[in-house]
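# Chains, contacts and geometry: an overview
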Amino acid sequence: MKGWFDAFRYDGGPTLYSFNNRTAVTGDVTLITFLTIFCTLYVAFLIIFPGIRKERFTTFFAVTLSLFVGATILVTLFGSAWHVANASVISTYKAFSKEKIASNVGVYVGLRHVNITLQASATNNSTSDIDFNEQFLWLNSDQMGNSYKEAMVRGLPFPILTVAEYFTMGQEGLSWGGQYRAAGYYAIIMLWTSFSVWILMNLMLIVVPRYGAVLMTTCGFLLLATACGYFGLLPETPLVVHIEGSTLHFNFGWCYWLVLIAGSVCLLAGVIITALEIIFPHSFSTILEVDYDTPYDRHIIIEDSRGRRFQKKRSSNSKLEEPVGIGTKILRRLSSKTREEKSNNDIIKNSHIQNFELGAKPNWNYPHGPSNDFRQKPTPRSLSQESIASSISRNIPAIHRVIPRPKSDKLQEVSMW
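## Some remarks on a nonpolar patch on the surface
Residues Leu 268, Ile 272, Leu 276, Ile 278, Ile 279 and Phe 280 make up a contiguous nonpolar surface patch of about 640 Å² in total accessible area. Judged by relative accessible area, which is 40%, Leu 276 ranks as partly exposed.

Next up, the structure:
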């Protein structure tokens, strides 16, 4: 009795697939991974970009350029399109055979390998299932030769073996494989150096943007040096592959042009931003700049860099001002409090003196007897001196006014008699 997962299985063995040959590689997994990561970061930035209210242009430009340069470095490090060639050939499929096929042959030279593709044309062929993509590494000096021998043992098609043989030859100055390997070796060193500078550039754009502009210029210069160095280390005698009457001529691929474009844009942007920083200091800033939430924020750092806080200024009494410290601030605060207390005491003393000199009297009358109703009495008129004293006392704060005490009853009785 068969179950749900017993299809195409016989006697409990693994699933048997009826395909006669394997499918060709249709995409580089490493490149797809890097492109997916950087595209995800850029899409996330575009989603939050409408919420940015200030420094929109500089932020958009800095983030776009940074992600573009980073993706360019990593993609070209592992890419296979520095020097490419394509041609349509009609050749034998295997050695010592009279049967010929029409196919498209492609050669893609990278920094540490070469990819050779063979795809049969749909017309004038008995079969169209021929689709190869073989990779030959040259990380070591003898690895390309060993890979070529393994390909012969495996029985790869004749066009692929013919192209691979050109990269293993090292006689009479025709060491194309060694020269491509040297060019890729130095290009790898320069690209990894550019990648480290790119990381520092991103950090400086967050911490100190003007230093990030300088590192941006350095990164662009390194990328241009990578492209120029690769061009200079290519074989002096151009590689031309001959396959039964057809020739493959090599040209620069998209990896080379991508590095050249990224380096030019990065260098140009870095030079422009650096020049603006020299003419207008501290004018370049992005929303990514970190605010450390301290008194010494970016504006105070700018003033310190200009030397304003340490310049000696002359005061009104032609004396040099000294730098203000924490202790000086505390003493000034205490002295200001002492001055306030002294001024309050002086106000109280002046009010006592004025009341004594002008003979100030209270503004209310104390009743002499219980039956005496002070509401029915006419309002007594005060002299000019009394009005002056009352106006002065009215200007003094309520807490500092001196209210004269009423006389006792005994003294009032004596005065009445």
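Let's pick the thread back up.
## Considering the packing of helix α6 (residues 209–233) against helix α7 (residues 254–279)
Packed helix pairs are specified by the crossing angle of their axes together with the interaxial distance, meaning the distance between the axes. Between α6 and α7, whose axes approach to 7 Å, the crossing angle comes to 150°. What the angle tells us is that α6 and α7 run roughly antiparallel. Note on packing geometry: the crossing formed by α6 with α7 is left-handed. For the contact of α6 with α7, the residue count by class is 19 nonpolar, 7 polar and 2 charged.

## Quick look at the pattern of salt bridges
Counting across every chain of the model gives 2 salt bridges. Residue Glu 244 pairs with Lys 100 through a salt bridge whose shortest N-O separation is 3.9 Å. On the criterion of sequence distance, the pair formed by Glu 244 in the loop between β5 (240–243) and β6 (246–249) and Lys 100 in strand β2 (residues 100–109) is long-range, its members being 144 residues apart. Residue Glu 244 is classed as partly exposed on the basis of its relative accessible area, which comes to 38%.

## Considering unusual backbone geometry
Of note in the backbone geometry, Glu 55 takes a positive phi value of approximately 55° without being a glycine. With respect to the helices, strands and loops of the structure, Glu 55 is situated in the loop between α1 (29–48) and α2 (56–78). With relative accessibility at 32%, the residue Glu 55 sits in the partly exposed group.

## Observations regarding the packing of aromatic side chains
Summed over all chains, the structure comprises 20 aromatic pairs. Seen from their ring centres, Tyr 42 and Phe 45 are 6.3 Å apart, and the 35° between their planes marks the pair as tilted. You can see Tyr 42 and its partner Phe 45 sitting in helix α1, 3 residues apart, about one turn around the helix. Aromatic side chains Trp 82 and Tyr 256 sit 6.4 Å apart centroid to centroid with 70° between the ring planes, which places their arrangement in the edge-to-face category. Of the two residues, Trp 82 is situated in the loop between α2 and β1 (83–92) and Tyr 256 in helix α7; the sequence distance between them amounts to 174 residues.

## Observations regarding the nonpolar core
Core analysis: the largest hydrophobic core is formed by 72 residues, its most contacted members being Val 109, Val 114, Phe 136, Phe 167, Tyr 180, Tyr 230 and Phe 250. Counting residues per element, this core draws most heavily on helix α5 (residues 176–207), at 11 residues. Once you skip the residues sitting within four places of it in the chain, Phe 167 turns out to touch Val 107, Val 109, Val 114, Trp 138, Met 144, Gly 177, Tyr 180, Leu 239 and Phe 250.

## A closer look at the packing of α5 against α6
One way to put it is that α5 packs onto α6 with a least axis distance of 8 Å and a crossing angle of 170°. Overall, the two elements α5 and α6 adopt an arrangement that is roughly antiparallel. Among the residues forming the contact of α5 with α6, the class breakdown is 25 nonpolar, 7 polar and no charged.

## Looking at the environment of Gly 177
For Gly 177, the position within the fold is in helix α5. Its relative accessible area of 8% is what places Gly 177 among the buried residues. With 64 residues separating them along the chain, Gly 177 and His 113 place their C-alpha atoms 9.8 Å apart. Beyond its immediate chain neighbours, meaning those up to four positions away, Gly 177 contacts Tyr 166 and Phe 167.

Cut-offs applied
- Residues numbered from 1 in each chain as written.
- Predicted model: local features only at pLDDT ≥ 70, side-chain atom pairs only at ≥ 80, totals over all residues.
- Heavy atoms only, no water.
- Patch = residues over 30% accessible without salt bridge, like charges linked within 9 Å, V, L, I, M, F, W, Y side chains within 5 Å.
- Areas by Shrake-Rupley, 256 points an atom, 1.4 Å probe, with all protein chains shown as cover.
- Salt bridge = Lys/Arg side-chain N within 4 Å of Asp/Glu carboxyl O.
- Buried < 20%, exposed > 50% of the residue type's maximum accessible area, 1.4 Å probe, protein only.
- Axes fitted to C-alpha atoms, helices over the stretch in contact; angles between N-to-C directions.
- Helix = DSSP H or I, 4+ residues; strand = E, 2+ residues; numbered from the N terminus.
- Parallel < 35°, antiparallel > 145°, perpendicular 65-115°, else oblique.
- Left-handed = near helix turned anticlockwise from the far one by under 90°.
- Nonpolar A, V, L, I, M, F, W, Y, C, P; charged D, E, K, R; others polar.
- Phe/Tyr/Trp six-rings, centres within 6.5 Å; stacked < 30°, edge-to-face > 60°.
- Core = buried A, V, L, I, M, F, W, Y, C linked by side-chain atoms within 4.5 Å.
- Contact = heavy atoms within 4.5 Å.

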